[in-house]
Amino acid sequence: MKGNLISLFSKKYKNKNELIKEIIKHGKPLIVATDVNPAPKAIEKIAKNLGSKLFYPEKSLNNLEKEKIINEFKESVKSSHEKDALAACLKALKKYRNLFIRIEEAAKKMDAEEFLDEIVFRVIQRKSESISDVIREIKVGKG
């Protein structure tokens, strides 16, 4: 996948639209993650506006859990807001990691690596479809 963590920073935004513009500058997010359950309504709206999948943990993360999750990146974290955001991101990555690996392996096997980003997006957005079906659908559409 092309996506990666470009930077980690914390900033106060005037409104939701300003935040969404900042996010889009870095690309279209596949998943918007939060560290609390239930997810705040504002985060739900942002995920919906971006067309992204919303991730929130089964139970809200406490500070000890967040410290453990971000341990190897703690030198990059400058504030509690960044710690919360990074913990949410890494928790979401842990949940979806095996799925991403399976998608990548299936794309290689079906000679569809050039469509990997699109395959990941479609599988995440339409959870019920099989990876193979999504790959075939994309390849037929591109062929």
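This text follows the structure it describes.
Quick summary incoming for the structure in this document.

Procedures and definitions
- Residues numbered from 1 in each chain as written.
- Predicted model: local features only at pLDDT ≥ 70, side-chain atom pairs only at ≥ 80, totals over all residues.
- Heavy atoms only, no water.
- Helix = DSSP H or I, 4+ residues; strand = E, 2+ residues; numbered from the N terminus.
- Buried < 20%, exposed > 50% of the residue type's maximum accessible area, 1.4 Å probe, protein only.
- Contact = heavy atoms within 4.5 Å.
- Expected span 1.5 Å × (residues − 1).
- Arc of directions from axis to C-beta.
- Phe/Tyr/Trp six-rings, centres within 6.5 Å; stacked < 30°, edge-to-face > 60°.
- Polar contact = N/O pair within 3.5 Å; in protein donor to acceptor, adjacent residues only side chain to side chain.
- Core = buried A, V, L, I, M, F, W, Y, C linked by side-chain atoms within 4.5 Å.
- Salt bridge = Lys/Arg side-chain N within 4 Å of Asp/Glu carboxyl O.
- Axes fitted to C-alpha atoms, helices over the stretch in contact; angles between N-to-C directions.
- Parallel < 35°, antiparallel > 145°, perpendicular 65-115°, else oblique.
- Left-handed = near helix turned anticlockwise from the far one by under 90°.
- Nonpolar A, V, L, I, M, F, W, Y, C, P; charged D, E, K, R; others polar.

**Observations regarding the environment of L50**
Alright, step 1. Tracing the chain through its elements places L50 in helix 2 (residues 41-50).
Alright, step 2. According to the relative accessible area criterion, L50 is buried, its value standing at 8%.
Alright, step 3. Setting aside its immediate chain neighbours within four residues, L50 contacts I20, I23, I24, K28, P29 and V32.

**Things to note about unusual backbone geometry**
Alright, step 1. In this chain, N37 is followed by P38 through a cis amide linkage whose omega measures 5°.
Alright, step 2. Among the structural elements, P38 can be located in the loop between strand 1 (31-33) and helix 2.
Alright, step 3. Look at D111: it is not a glycine, yet its phi comes out positive at around 50°.
Alright, step 4. Note that D111 resides in the loop between helix 4 (80-109) and helix 5 (116-125).

**Here we look at helix 6 (residues 131-142)**
Alright, step 1. The terminal C-alpha atoms of helix 6, which comprises 12 residues, lie 17 Å apart, in line with the 16 Å expected from a rise of 1.5 Å per residue.
Alright, step 2. Among all positions in helix 6, only I131, V134, I135 and I138 are buried. The buried side chains of helix 6 occupy one side of the element, clustering within an arc of 100° when seen end-on.
Alright, step 3. Considering only its buried residues, helix 6 is in contact with helix 4 and helix 5.

**Overview of the packing of aromatic side chains**
Alright, step 1. In this structure the tally under the stated criterion is one aromatic pair.
Alright, step 2. The interplanar angle of 25° and the centroid separation of 6.1 Å between the aromatic rings of Y96 and F100 together place this pair among those described as stacked. A residue pair is termed a helical-turn pair when its members lie 3 or 4 positions apart in one helix, as Y96 and F100 do in helix 4 at four residues. When sorted by exposure, Y96 lands in the same class as F100, which is buried.

**Details of helix 1 (residues 16-25)**
Since there are 3.6 residues in each turn of an α-helix, residues three or four apart along the chain are aligned in direction.
Alright, step 1. For helix 1, the capping residue at the N-terminal end is N15, with a side-chain oxygen 3.0 Å from the backbone nitrogen of N17.
Alright, step 2. Of the residues trailing helix 1, G27 is marked for its positive phi of about 120°.

**Let's talk about the nonpolar core**
Alright, step 1. L99, I103, I119, V120, V123, I124 and I131 are the most contacted members of the largest nonpolar core, which totals 20 residues.
Alright, step 2. Contributing elements (two or more residues each) for this core: helix 4, helix 5 and helix 6.
Alright, step 3. Looking at which element gives the most residues to this core, the answer is helix 4, with seven residues.
Alright, step 4. In contact with I119, other than residues within four places in its own chain, are I103, A107, A112, V134, I135 and I138.
Alright, step 5. Within the second largest apolar cluster, seven residues are counted, among which are L61, I70, V77 and A87.

**Notes on the pattern of salt bridges**
Alright, step 1. Counting across every chain of the model gives 10 salt bridges.
Alright, step 2. Residue R122 pairs with E118 through a salt bridge whose shortest N-O separation is 2.6 Å. Taken together, the residues R122 and E118, both in helix 5 and four residues apart, mark about one turn of the helix.
Alright, step 3. For E137, the salt bridge is made with R122, and the minimal N-O distance between the two is 2.5 Å. Residue E137 is found in helix 6, and its partner R122 is found in helix 5; the two are separated by 15 residues along the sequence.

**A look at the packing of helix 4 against helix 5**
Alright, step 1. Orientation of helix 4 relative to helix 5, taken along the N-to-C sense of each, is 135°, at an axis distance of 10 Å. Taken together, the axes of helix 4 and helix 5 lie oblique to each other. Judged by the twist between their axes, the crossing of helix 4 over helix 5 is right-handed. Across the interface between the two elements, Y96, L99, F100, I103, E104 and A107 from helix 4 touch L116, I119, V120, V123 and I124 from helix 5.
Alright, step 2. Taken together, the residues of the contact of helix 4 with helix 5 break down into 10 nonpolar, no polar and one charged.

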